[in-house]
Amino acid sequence: MRKNLTIKILVAVLLLVFASGLIFTQSGKIIEDDNGKVEITPIFTQGNLNSDGTYVESETSAYTKNMFRCKGLEINLDFEADFVYSLFLYGSDGTFINCYTDRSTSWKGGMTDNVYYARIVIRPSATSTEKINLIDIAKMSSKLTIKVLADQGELPQSNSNSATE
C-alpha cells in the first residue's frame, strides 16, 4: 500500500516538472537575428478567434492571446508540420482588419500600411474536431517560426484601445 502511494506521488511530481518545462519553453522569449529581424515565440493558449478576430472558446485550437507587432512578418513551418494556422491582422488601435485562414504554407507576405498587430490560431487540421492539450499546443507551436523586423517603428496617435481578449 505504501509503495503504491510512493509511486503515485513520484508520477505526480514528474508530471509537474514536465508541465513546468512546457510553460518555461512557452515563455514568450525574443531572440535577435543578424539581418534586421527578430524571432519571436508568442505564448499560445487554448481558444480560437472568429471571423471578426475576437476570442471564442475552443478546445480544438490554440491562439496567441496577446497581439504582437508584425511589420516584416514571416511565418515559416517546419517540414514536418502537420497542422494549419490562421493569421489575424489588426490596426494600431486593435481594430480587426483581415484574416487568412487554414494556411499550411509559409507566410512572407507584405502588409498594408494600416496593419500593426497580428495574432495566430493553430489547430491539427482545417476540419479537425479533436480536443488538443498543452502537449499538442507545445508540439505545434515548436514547428512554427515567427519573425518580424526588429525596428517596428512608432504607432500612430490613437484615441482608443479596442484590443479584445
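Below: a short report on this structure. Everything numeric in this text was worked out from a predicted model, so none of it was measured.

Re the environment of F44
Link 1 in the chain: By the element assignment, F44 lies in strand β3 (residues 44-46).
Link 2 in the chain: On the accessibility criterion, F44 (8% relative accessible area) is buried.
Link 3 in the chain: In this structure, the C-alpha to C-alpha distance between F44 and N66, residues 22 residues apart in sequence, is 8.9 Å.

So, helix α2 (residues 134-142)
Link 1 in the chain: Along α2, the residues classified as buried are I137, A138, M140 and S141.
Link 2 in the chain: The opening residue of α2, the one whose side-chain oxygen lies 3.0 Å from the backbone nitrogen of I135, is N133.

Structural notes on unusual backbone geometry
Link 1 in the chain: With a phi angle near 50 degrees, D102 is a residue other than glycine that sits in the positive phi range.
Link 2 in the chain: Within the secondary structure, D102 is located in strand β10 (residues 96-103).
Link 3 in the chain: Accessibility expressed as a relative area gives 33% for D102, which makes it partly exposed.

About the cut-offs
By convention here, each chain's residues receive numbers from 1 onward along its written sequence. pLDDT decides what is reported in this predicted model: residues at 70 or higher carry local features, side-chain atom pairs at 80 or more are listed and counted, and totals for whole chains, interfaces and linings draw on all residues regardless. Calculation of side-chain values draws on the structure's entire complement of heavy atoms; hydrogens and water are dropped beforehand. Working definition: helices are DSSP H or I runs of at least four residues, strands are E runs of at least two. Numbering for both runs from the N terminus. Note on exposure labels: buried denotes an accessible area under 20% of the residue type's maximum, exposed denotes more than 50%, and partly exposed covers the range between, all computed with a 1.4 Å probe on protein chains only. Throughout this description, a polar contact denotes any pair of N or O atoms lying within 3.5 Å of each other; where both atoms belong to protein, one of them has to be capable of donating a hydrogen while the other can accept it, and for residues adjacent in sequence the pair is counted only when both atoms sit in side chains.

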